[in-house]
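Chain by chain, the residues run as shown.
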Amino acid sequence: MKILLISLLILVSNDSIDLSPQSVYEYCVEQDIQHPEIVTAQAIQESGWFKCTHCSLNKNNIFGFWYKKQYIEFNNWKESILYYKRWQDRHYKGGDYYQFLIDRHYASDINYTNHIKNIVNKHAKTWVTSSE
């Protein structure tokens, strides 16, 4: 029993340690998520560069997904990406992804897509370059 608990703690803590723009981008690519650079920027925006303390990040929810006025809780951040993948597959049918986010009312901030574009324009090259 002790070994199982220790193994579980190591697994959970490794997932937390590995949480970075690069690891999120790479996992998005691995899961065949469309527009992984935009999705990574969304995770950054929603979690304050993965440093927020009073947000959905404490529930391993890097995108701020909620249900019945509560953040959805995940066992680790990778589960949050898998949830995003299911959401994207269900709703996104192609076209301008920024417009899709606006049309889906993904965020309440009217400047949300501008924030995402700024993150992508300033930082995405480092994720794409280092994972190729």
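Everything discussed here concerns the structure shown above.
Residues numbered from 1 in each chain as written. Predicted model: local features only at pLDDT ≥ 70, side-chain atom pairs only at ≥ 80, totals over all residues. Heavy atoms only, no water.

Novice: Residue-level account of the nonpolar core, with values.
Specialist: Formed by 35 residues in total, the largest nonpolar core has its most connected members in V24, I62, F63, I81, Y84 and Y97. For this core, the element with the highest residue contribution is helix α6 (residues 112-131), accounting for 6 residues. Those residues within four positions of F63 in sequence are excluded, and the remaining contacts are V39, Q42, A43, E46, S80, I81, Y84 and Y106. (Core = buried A, V, L, I, M, F, W, Y, C linked by side-chain atoms within 4.5 Å. Buried < 20%, exposed > 50% of the residue type's maximum accessible area, 1.4 Å probe, protein only. Helix = DSSP H or I, 4+ residues; strand = E, 2+ residues; numbered from the N terminus. Contact = heavy atoms within 4.5 Å.)

Novice: Which residues make up the state of the cysteines, and what are the values?
Specialist: Summed over all chains, the structure comprises 1 disulfide. What pairs with C52 in a disulfide is C55, and their sulfur atoms sit 1.6 Å apart. Exposure remark for C55: the relative accessible area of 12% places this residue in the buried category. (Disulfide = S-S within 2.5 Å.)

Novice: Give a description of the pattern of salt bridges that names residues and reports values.
Specialist: Under the criterion given, the structure shown has 2 salt bridges. Linking K59 and E73 is a salt bridge whose minimum nitrogen-to-oxygen distance equals 3.9 Å. Separated by 14 residues along the polypeptide, K59 in the loop between α3 (36-47) and β1 (66-67) and E73 in the loop between β2 (70-71) and α4 (77-91) bring together distant segments of the chain. Looking at E73, the relative accessible area reads 57%, which means it is exposed. Linking D89 and K85 is a salt bridge whose minimum nitrogen-to-oxygen distance equals 3.1 Å. Taken as a pair, D89 and K85 lie in helix α4 at a separation of 4 residues, close to a single helical turn. (Salt bridge = Lys/Arg side-chain N within 4 Å of Asp/Glu carboxyl O.)

Novice: Break down the packing of helix α2 (residues 21-30) against α3 for me, with residues and values.
Specialist: As a packed pair, α2 and α3 sit with axes 9 Å apart at the nearest point and diverge in direction by 140°. The orientation of α2 with respect to α3, classified from their angle, is oblique. Read as a crossing pair, α2 and α3 show a hand that is right-handed. Counted together, P21, V24, Y25, C28 and V29 of α2 and P36, E37, V39, T40, A43 and I44 of α3 form the full contact between these two elements. (Axes fitted to C-alpha atoms, helices over the stretch in contact; angles between N-to-C directions. Parallel < 35°, antiparallel > 145°, perpendicular 65-115°, else oblique. Left-handed = near helix turned anticlockwise from the far one by under 90°.)

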